[in-house]
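Read off the chains here:
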Amino acid sequence: MKNINFHIDDYGIFPSTDKYILSLIKLNKINSISIICNTKFSSYLITKLKKLINKKKISISCHINLTDFQVKKFRFNFINLLFYSIFPNREISKIIHKLVLDQINFFTKKIPIKNNTIYVDGHRHIHILPGVQIEIIKILKKKKIKYKFRNSNEKFFLYLMIN
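The structure presented is a predicted model; accordingly, all values stated were derived computationally and were not measured.

### Concerning the packing of helix 1 (residues 15-26) against helix 2 (residues 46-55)
Piece 1. Two elements in contact, helix 1 and helix 2, have axes whose closest approach is 11 Å; the angle formed by their N-to-C orientations is 15°. What the angle tells us is that helix 1 and helix 2 run roughly parallel. Considering how the two elements wind past one another, helix 1 and helix 2 form a crossing that is left-handed. Counted together, Leu-22, Ile-25 and Lys-26 of helix 1 and Lys-48, Leu-49 and Leu-52 of helix 2 form the full contact between these two elements.
Piece 2. Residue composition of the contact of helix 1 with helix 2, by class: 4 nonpolar, no polar and 2 charged.

### A closer look at helix 1
Piece 1. For helix 1, with 12 residues, the first-to-last C-alpha span of 16 Å sits near the 16 Å given by 1.5 Å per residue.
Piece 2. Of all the positions in helix 1, only Pro-15, Asp-18, Ile-21, Leu-22, Leu-24 and Ile-25 are classed as buried.
Piece 3. Residues of helix 1 that are buried in the fold lie against strand 1 (7-11), strand 2 (32-36) and helix 2.
Piece 4. Note on helix 1: the residue one or two positions beyond its end, Asn-28, has a positive phi of about 60°.

Calculation criteria
- Residues numbered from 1 in each chain as written.
- Predicted model: local features only at pLDDT ≥ 70, side-chain atom pairs only at ≥ 80, totals over all residues.
- Heavy atoms only, no water.
- Axes fitted to C-alpha atoms, helices over the stretch in contact; angles between N-to-C directions.
- Helix = DSSP H or I, 4+ residues; strand = E, 2+ residues; numbered from the N terminus.
- Parallel < 35°, antiparallel > 145°, perpendicular 65-115°, else oblique.
- Left-handed = near helix turned anticlockwise from the far one by under 90°.
- Contact = heavy atoms within 4.5 Å.
- Nonpolar A, V, L, I, M, F, W, Y, C, P; charged D, E, K, R; others polar.
- Expected span 1.5 Å × (residues − 1).
- Buried < 20%, exposed > 50% of the residue type's maximum accessible area, 1.4 Å probe, protein only.

Listed below in structure tokens is the structure:
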């Protein structure tokens, strides 16, 4: 029989969601979570999460967000990030770099990193876009942190139709 792992995104969006995710961890129902590191609630239950991480074998990934919640002045969407990936723009790349750097800094300060490796995914799957992924890689290489990106198996055009 195959071993099935369960992953939950979006820890850090709302305290009620975080509490529910913590309860699932306590019940051994999930194997991994990803944390959004730029909402006003990102730090709210982080201490409780860190205690559970030490007790349970939970993988934690950094959930890069450029599209929702606290991202106000420079809010992107998947389509314009795709556009900037095809037609790079130095100013936009700097903005993306700064937004990603802030989130990676938050993550590395708050979450213990195993084997000097960060697992990275993105809210609305933005981490797969070259313009975003390049900035993530630049930052992690400069910090001398190894990385692994989560691959998405969803159909690309289905995603575009529902968003």
